[in-house]
Amino acid sequence: MRGIASMTGFARAEGEAAGATFFWEVKSVNGRSLDLRLRLPAGFDSLEAELRGAVSRRFRRGSLAASLSLTRTAPLPLRINRQVLGEILALINELAGEVEAAPPRLDGLLALRGVIEGAEEEAPEVFEARREAILAAWSEALDRLAAARLAEGAKLGALLERLIEKMAARVDEAALCAAALPQAVRQRLEAALANFRELASPLSEERMAQELALILARGDVREEIE
């Protein structure tokens, strides 16, 4: 049995790109149709269509569950909140004539709460580089999953071959028994009738043939053997 693929398997693939490390884990179990459940980090939902397309090109059946874990190795870039800084400078200028104080230093201004903050979104080129690496790792994970399903299928195929060999041997034995059935039934029928000769008149050969044919028809196992 060649090319048997099981629907069960597990695979993992990992990578690194644009200041982040990540890994895919995908598990497959039996399913009547092809089904994929995805768990993605925030901000990566836009990949879902491509991820599902890659699955449908490789598999036809199975229930798949996949998760992407991502860890940033570099912090998000910092940016100056110019609105907050402008409000602070405007307030300093407003108070300049009322309060005697040295002009504010730049490091002092930047240390004020809200002036420097982490960027909420990464640059488009960073996301694109990470996206390409994640999709490549997804393809690798699916290839490994397909290989795992084939390996499991090979084990099942070997088991089925052994079972078929045993069944074939039993079928041959049953066929031999079926070939000897008519003569055995006739002998048993004649022996049974011999015990009743004193109680009833003996059967004719024609009646004997009819009874024998009826018993053999009821006990015919050729269809089961086939």
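In the block above lies the structure referred to throughout.
Everything quoted here is computed from the prediction, not taken from an experiment.

Conventions and cut-offs
- Residues numbered from 1 in each chain as written.
- Predicted model: local features only at pLDDT ≥ 70, side-chain atom pairs only at ≥ 80, totals over all residues.
- Heavy atoms only, no water.
- Helix = DSSP H or I, 4+ residues; strand = E, 2+ residues; numbered from the N terminus.
- Buried < 20%, exposed > 50% of the residue type's maximum accessible area, 1.4 Å probe, protein only.
- Phe/Tyr/Trp six-rings, centres within 6.5 Å; stacked < 30°, edge-to-face > 60°.
- Lys NZ or Arg CZ within 6 Å of the ring centre and 35° of its normal.
- Salt bridge = Lys/Arg side-chain N within 4 Å of Asp/Glu carboxyl O.

### Side note on unusual backbone geometry
Despite not being glycine, Ala-18 has its phi angle at roughly 50°, a positive value. Structurally, Ala-18 can be placed in the loop between strand 1 (9-17) and strand 2 (20-29). Among the residues examined, Ala-18 registers a relative accessible area of 35% and is labelled partly exposed.

### Notes on the packing of aromatic side chains
On inspection of all chains with the given rule, the structure shows two aromatic pairs. Note on Trp-24 and Trp-138: the rings are 4.5 Å apart at their centroids and 50° apart in plane angle, and the pair reads as tilted. Pair noted here: Trp-24 is in strand 2 and Trp-138 is in helix 4 (residues 124-194), with a separation of 114 residues, a long-range link. Ring centres 5.5 Å apart and planes at 35° place the aromatic pair Phe-44 and Phe-127 in the tilted group. Residue Phe-44 is found in the loop between strand 3 (34-39) and helix 1 (48-58), and its partner Phe-127 is found in helix 4; the two are separated by 83 residues along the sequence. Lying over the aromatic face of Phe-23, Arg-12 brings its terminal NZ or CZ to 4.0 Å of the ring centre.

### Points about the pattern of salt bridges
Tallied over the entire structure, the rule returns nine salt bridges. The shortest N-O distance in the salt bridge between Glu-48 and Arg-52 comes to 2.9 Å. Taken together, the residues span about one helical turn, with Glu-48 and Arg-52 both in helix 1 at a distance of four residues. Arg-52 gets classed as partly exposed once you look at its relative accessible area, which sits at 35%. Salt-bridge contacts for Arg-131 lead to Glu-132; the nearest nitrogen and oxygen are separated by 2.7 Å. On the accessibility criterion, Arg-131 (17% relative accessible area) is buried. On the basis of relative accessible area, Glu-132 is assigned to the partly exposed category, the value being 41%. Each member of the salt-bridge network shares a partner with another, and the members are Glu-50, Glu-128, Arg-131 and Glu-132.

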